[in-house]
Protein chains: 2
Amino acid sequence: MQIVSALLRIDKTQPTPVYQQIANDIICHIRQGTLKPSMALPSSRALAASLKVHRNTVVAAYDELYAQSWVDVYPKKGIFIAANLPEVTPRALVSDVNVKKLAYPEETHFNVCDKKLGHVRLFNPGVARSVTFNEGFPDTRLAPVELMLREYRRFANYQFTQKYLLYGPEQGSENLRTELAIFLSETRGLHVQPEHILITKGAQMAIYLAAQLLLGKGDVVIAGDPGYCGANEVFEQTGAKLELVPVDEHGIDLDAVEAICKKQKVTMLYVIPHHHQPTTVTLSSERRMRLLELAMKYGFAIIEDDYDYDFHYSSSPILPLASADYYGSVIYVGSFCKTIAPGIRIGFMVAPPNLIREATKMRRLIDRQGEQLLEEAMANLLKNGDITRHLKKANKLYHERRDIFCKLLREQVGDHISFKIPDGGFAIWMKYKNGLQPAVVAEKAAAMGLGISAGKDYYYDPDHSHQNIRLGFASMNAKEMEQGVDLFAKAIKKAF
Amino acid sequence: MQIVSALLRIDKTQPTPVYQQIANDIICHIRQGTLKPSMALPSSRALAASLKVHRNTVVAAYDELYAQSWVDVYPKKGIFIAANLPEVTPRALVSDVNVKKLAYPEETHFNVCDKKLGHVRLFNPGVARSVTFNEGFPDTRLAPVELMLREYRRFANYQFTQKYLLYGPEQGSENLRTELAIFLSETRGLHVQPEHILITKGAQMAIYLAAQLLLGKGDVVIAGDPGYCGANEVFEQTGAKLELVPVDEHGIDLDAVEAICKKQKVTMLYVIPHHHQPTTVTLSSERRMRLLELAMKYGFAIIEDDYDYDFHYSSSPILPLASADYYGSVIYVGSFCKTIAPGIRIGFMVAPPNLIREATKMRRLIDRQGEQLLEEAMANLLKNGDITRHLKKANKLYHERRDIFCKLLREQVGDHISFKIPDGGFAIWMKYKNGLQPAVVAEKAAAMGLGISAGKDYYYDPDHSHQNIRLGFASMNAKEMEQGVDLFAKAIKKAF
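Just so we're clear, the structure is a prediction, and the values are computed from it rather than from any experiment.

Some thoughts on the overall build of chain A
- Along chain A, the regular secondary structure elements total 17 helices and 15 strands.
- Relative to the 2.2 N^0.38 estimate, which gives 23 Å for 496 residues, the radius of gyration of chain A is 29 Å and therefore markedly larger than a compact globule would have.
- With the C-alpha coordinates aligned to their principal axes, the bounding extent of chain A is approximately 90 × 55 × 55 Å.
- A total of 496 residues make up chain A; the buried ones form 60% of that total.
- A separation threshold of at least 6 residues defines the contact pool for chain A, and within that pool the share at least 24 residues apart is 70%.
- For chain A, the accessible area works out to roughly 19800 Å², and carbon and sulfur atoms hold 51% of it.

Here it is, written out as structure tokens:
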């Protein structure tokens, strides 16, 4: 019986308890056939001695095996591998398919609608560089993961947690909607009630739901160019027709919007009022009022994607369009993905209750409901003021980083690029001078270990010729920025 | 300065650290105006004494306030509320909107597509009853929440967690797809690779994605009646035409399916092969082979919704259709929502890689990606064997519960109902005898504190006359079942 202890490998540094490691290993050997049915196992005392663990540990392991029917216990005789193993083997299909020989098919034989999805760009982790200027992400090193985990630890209390483990409201946690209504009122002057709010998976799902509800084949939707391709792809997938308008230093061009409205029925307009993606401009207060008037006059819906509102450094943010929307034209979309971390997917849609009701039905069809535990954790973080506190700290730090980064750029590559200091957000929109080409600089930079945009994906037309790129600063500390700008300067020299 | 300590309320039983409670309270009073700019705060020693806390606690609170710019510190003079408070007040829109006076609009002025969503049924928590026979849910008291939390605790290690906080692959965690491929091979004879798998939010999202990819306006989709309304609603929302076929004791009627195929082009068929919702029947092995042949002959796709595969008591499960799908007709859909808990939303789609690629693009549009931390936790639970272990325990228990429940029903209400013992799953499909009406029994039961189905939502036509209901047993222990069946017997007597 010494063989049993020889088969088992115990690692006390593992998170899995030792008794479970023993039980797992024994199950594994039963399955593989090393340990046969009806074979005797050593006594708990003997096994404990040879494994150098406490006897109770082996007793617990044997209890576990017994509970799972892997062993039989005969009083005074000992413990044996079960004569009838509990493994359930699925019945094969009638025609005696030898599944082990089947290769899983590589192709469906029916067509999928790839015409609708041809342009969708998927995540590309890219080549690891020593330094990378990303497109503008928060610094996940600041993410309040500890706070999130503190909330998750509270869920260990079963009484508290039980109701969040079952099916729940498709509209999202009642607690979170209540806290969010207060937060939106305090920060954005949006005097909403929980029934005006739908909790989504990131701003992305809110945009998707709005598009599904309002757009059909051939409907016209207006967006800025350059703009956010992740929204444009959603609109086009519905079969809607995308009309693009220019973006200047005060935001999207409303004369161009009105010209389109005069020619055809417009169903929806998509706007990023703070720190337009990618150009970082803020839609001016005057244009906001005019945009609301145009929406009323021509009867279109506005999707106001204010994902960036909470990150302001130089000047105050401007109140959302939604805060002055008497008429019910605005669907306000926001996110905590930039507040906590992009990987923590919580966003929201704020709209009149009739639209929220329909959006909730659509959400039910898609994935039924959100993560209730995550939503409850988020509600507590808002309630305790943790989010406000984190935002203050992060704003202070990103403000400093923006200033350091702009100074470094001016000092070291100021002759070759131009940019305006953004009011907030996570990135700078810059333009190369002296005939420098984004793709060429990116290639030279990559060879030196610096990741930097080649200028693709900003304009709708991938062949649109321009000299702009986005440089994310928020996720880098001072040392990383120095390294990055140093390499950037060298890459520019080589790109001539 | 005694006023400051009088304003503060400390509760040491709260999860929020005391220093943070002090800081929060002070911020709150600054905001409310109780504490004015430039006002002196008591020394840390004095405040600690009057609050009866350690001096370091007050020092930490003051550090926090300083870090957030709420206080100024003047060496040798003391600590003061900041003269210039850091609060950022948003700029109002130009026309001087008094947002405080605005009521948020109650209605959008544009039409939403309510015709497509009219039938979607939303979550209804219902009236609390002392006992409820639900539609068949797992017992959340068994949910391995502790194990999930153990995995979450590991995320406190930042180095480990960092990459899961950023954007990640839309197809789902690589680790989870790898572990799931092994699990599917061991349990279902599905010899798939990670590239055949897309991780979704529950089986629901997998069904939604398949429908979005394959169905368009007017396309024909076949489903069983009675059937799962949550899938039917998804198909109809695409504009597809739903053709219903009967379900007998061996599953959906394939003669009826072939008759439809002979008359019109069929794009998709939806089937629940194990424990059909709601009738709990298993699609026989013979019908499975014939269904695959029909799919090849008539060129339709099969959505195989095998959400219930892992819960088998009497006989072995039958291998999935997908395991014998040489031709690439089957989209296999499953879920861990019944394994862990319905509120923990992890499901999957298994299909040939070309379909998975398109489904991944569609998923990117909807919500970009899943919860990476949850997916990593799930991957570890699969890897450690925790899921297999939990399934074994749960199956043993649910098997017992099924037997106890059937015995109770036969003994106490056997004269008034008929049912077949289901092979697995969470519920019994029963039929009233002697002219008893489901709605009448439900009404009498409700008056006595027993929640029970009134027989709605099983058939596509809400007015379809029948005497069947579903009785969930898995979530109830023996005592609860006894109580429930006792009340059920009384309700039946009153319903005559």
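Side note on helix H4 (residues 55–67) of chain A
- Taking 1.5 Å of rise per residue, 13 residues should cover 18 Å, and H4(A) covers 18 Å from first to last C-alpha, within 8% of that figure.
- A:Ser69 sits one or two residues past H4(A) and shows a positive phi near 65°.

Observations concerning the side chain of A:Ser44
Residues and elements named next belong to chain A.
- Within the secondary structure, serine 44 sits in helix H3 (residues 44–51).
- Here arginine 55 takes part through its side chain, which lies 3.1 Å from a polar atom of the side chain of serine 44.
- Ignoring any residue separated from it by four or fewer positions in sequence, one finds serine 44 in contact with Arg55, Val58, Val59 and Tyr62.

Re the relation of the copies chain A and chain B
- Placing chain A over chain B gives an RMSD of 0.0 Å and needs a rotation angle of 180°, together with 0.0 Å of translation along the axis. Between the two chains, the operation in question is that of a two-fold axis.

What to know about the sheet that holds strand S6 (residues 241–248) of chain B
Residues and elements named next belong to chain B.
- What the 8 strands build is an open sheet, ordered S4-S11-S10-S9-S8-S5-S6-S7; its pairing is mixed. Two strands close off the open sheet at either side, each with one partner strand: strand S4 (197–200) and strand S7 (251–252).
- Examined bridge by bridge, S4 and strand S11 (residues 347–350) share 4 bridges and lie antiparallel to one another. Looking across to S11, one finds that threonine 200 is bridged to glycine 347.
- Across the sheet, helix H11 (residues 254–263) touches strand S5 (220–225), S6, S7 and strand S8 (268–271), and the angle it forms with S6 is around 155°.
- Together, S6, S7, S8, strand S9 (301–305) and strand S10 (330–335) form the strand contacts of helix H12 (residues 285–298), whose direction differs from that of S9 by roughly 145°.

Focus: the pattern of salt bridges
- Per the counting criterion, the structure on display carries 48 salt bridges over all chains.
- Here A:Glu233 and A:Arg121 are joined by a salt bridge, their closest N and O atoms 3.1 Å apart. Taken as a pair, A:Glu233 in helix H10 (residues 229–237) and A:Arg121 in the loop between helix H5 (114–117) and strand S3 (131–132) lie far apart in primary sequence, 112 residues in all.
- Here A:Glu233 falls in the buried class, since its relative accessible area comes to 6%.
- Residue class for A:Arg121 comes out partly exposed when judged on its relative accessible area of 33%.
- Of the charged contacts, one joins B:Glu174 and B:Arg177 as a salt bridge, the two residues approaching to 3.8 Å between their closest N and O atoms. Taken together, the residues B:Glu174 and B:Arg177, both in helix H8 (residues 174–188) and 3 residues apart, mark about one turn of the helix.
- Each member of the salt-bridge network shares a partner with another, and the members are A:Glu64, B:Arg150, B:Glu151, B:Asp386, B:Arg389 and B:Lys393.

Remarks on the domain arrangement of chain A
- Taken domain by domain, chain A holds domain 1 (2–81), domain 2 (131–137 + 390–495) and domain 3 (165–384).
- Look at where the C-alpha atoms of domain 1 of chain A and domain 2 of chain A centre, and you get two points 59 Å apart.

Quick look at the nonpolar core
- Core analysis: the biggest nonpolar cluster contains 209 residues, and A:Phe300, A:Phe488, B:Phe300 and B:Phe488 have the highest contact counts within it.
- Ignoring any residue separated from it by four or fewer positions in sequence, one finds A:Phe488 in contact with A:Phe133, A:Leu409, A:Val413, A:Met430, A:Tyr432, A:Val441, A:Leu450, A:Ile452 and A:Leu471.
- The next biggest cluster of nonpolar side chains, apart from the first, holds 78 residues, and it includes A:Val221, A:Ala301, B:Val120 and B:Ile356.

Some points on the pairing of strand S13 (residues 427–432) of chain B
Residue and element names in this part refer to chain B.
- With 5 of 6 residues buried, S13 lies mostly within the body of the structure.
- With 3 bridges joining them, strand S12 (residues 417–419) and S13 adopt antiparallel strand pairing. From the neighbouring strand, isoleucine 417 faces S13, where its bridge partner is tyrosine 432.
- Pairing between S13 and strand S15 (residues 468–472): 5 bridges, direction antiparallel. Bridge pairing in S15 links tryptophan 429 to arginine 470.

A few points about the packing of helix H15 (residues 386–413) of chain B against helix H17 (residues 478–495) of chain B
Residue and element names in this part refer to chain B.
- Viewed as axis vectors pointing N to C, H15 and H17 meet at an angle of 25°, and their least axial separation amounts to 10 Å. Here H17 runs roughly parallel to H15, going by the angle between their axes. Crossing geometry of H15 relative to H17 is assigned as right-handed. Packed against H15, whose contacting residues are Arg401, Ile404, Phe405, Leu408, Leu409, Gln412 and Val413, the element H17 presents Ala478, Met481, Glu482, Val485, Asp486, Phe488, Ala489 and Ile492 at the interface.

A look at the interface of chain A and chain B
- The interface is formed by 141 residues belonging to chain A together with 141 residues belonging to chain B.
- For the pair chain A and chain B, the two sides together bury roughly 12700 Å², of which 61% comes from carbon and sulfur.
- Where chain A meets chain B, there are 6 salt bridges.
- For the salt bridge of A:Lys201 with B:Glu371, the shortest nitrogen-to-oxygen distance reads 2.8 Å.
- The tally of links from chain A across to chain B stands at 25 residue pairs in polar contact (both at pLDDT 80 or more).
- At 11 residues, the largest contribution of residues to the side of chain A that touches chain B is made by helix H13 (residues 353–367) of chain A.
- Grouping the amino acids of the side of chain A that touches chain B by side-chain chemistry returns 70 nonpolar, 37 polar and 34 charged.

With respect to the side chain of A:Gln171
Residue and element names in this part refer to chain A.
- Inspection of the secondary structure puts glutamine 171 in the loop between helix H7 (158–165) and helix H8 (174–188).
- The exposure class assigned to glutamine 171 is buried, which follows from its relative accessible area of 18%.
- A polar side-chain atom of glutamine 171 sits 2.8 Å from the main-chain carbonyl oxygen of isoleucine 197.
- Ignoring anything within four residues of it in the chain, the contact list for glutamine 171 reads Arg177, Pro194, Glu195, Ile197, Leu198, Ile199, Ile356 and Thr360.

Considerations on the packing of aromatic side chains
All names here are of chain A.
- Within this structure, the stated rule accounts for 27 aromatic pairs over all chains.
- Centre to centre, the rings of phenylalanine 311 and phenylalanine 426 are 4.8 Å apart; their planes meet at 55°, and the pair counts as tilted. Taken together, the positions of phenylalanine 311 in the loop between strand S9 (301–305) and strand S10 (330–335) and phenylalanine 426 in the loop between strand S12 (417–419) and strand S13 (427–432) put the pair 115 residues apart, joining distant regions of the chain. Of the two residues, phenylalanine 311 and phenylalanine 426, both sit in the buried class.
- Here tyrosine 398 and phenylalanine 426 contribute two aromatic rings whose centre-to-centre distance is 5.6 Å and whose plane-to-plane angle is 75°, an arrangement assigned as edge-to-face. In this pair, tyrosine 398 is assigned in helix H15 (residues 386–413) and phenylalanine 426 in the loop between S12 and S13, connecting sequence segments 28 residues apart. As far as burial versus exposure is concerned, tyrosine 398 and phenylalanine 426 are alike and both buried.
- An aromatic cluster is defined as three or more aromatic residues linked by ring pairs; in this entry it consists of Phe133, Phe405, Tyr432, Phe473 and Phe488.
- Above the ring of phenylalanine 419, the side-chain terminus of arginine 410 is found at 4.4 Å from the ring centroid.

Quick notes on the rules
Residues numbered from 1 in each chain as written. Chains lettered and ligands numbered in written order. Predicted model: local features only at pLDDT ≥ 70, side-chain atom pairs only at ≥ 80, totals over all residues. Heavy atoms only, no water. Helix = DSSP H or I, 4+ residues; strand = E, 2+ residues; numbered from the N terminus. Rg over C-alpha atoms; globule rule 2.2 N^0.38 Å. Buried < 20%, exposed > 50% of the residue type's maximum accessible area, 1.4 Å probe, protein only. Contact = heavy atoms within 4.5 Å. Areas by Shrake-Rupley, 256 points an atom, 1.4 Å probe, with all protein chains shown as cover. Expected span 1.5 Å × (residues − 1). Polar contact = N/O pair within 3.5 Å; in protein donor to acceptor, adjacent residues only side chain to side chain. Least-squares fit on C-alpha atoms with pLDDT ≥ 70 in both. Pairing = 2+ DSSP bridges. Axes fitted to C-alpha atoms, helices over the stretch in contact; angles between N-to-C directions. Salt bridge = Lys/Arg side-chain N within 4 Å of Asp/Glu carboxyl O. Domains from an automatic or database assignment. Core = buried A, V, L, I, M, F, W, Y, C linked by side-chain atoms within 4.5 Å. Parallel < 35°, antiparallel > 145°, perpendicular 65-115°, else oblique. Left-handed = near helix turned anticlockwise from the far one by under 90°. Buried area = accessible area lost by both parts, 1.4 Å probe. Nonpolar A, V, L, I, M, F, W, Y, C, P; charged D, E, K, R; others polar. Phe/Tyr/Trp six-rings, centres within 6.5 Å; stacked < 30°, edge-to-face > 60°. Lys NZ or Arg CZ within 6 Å of the ring centre and 35° of its normal.

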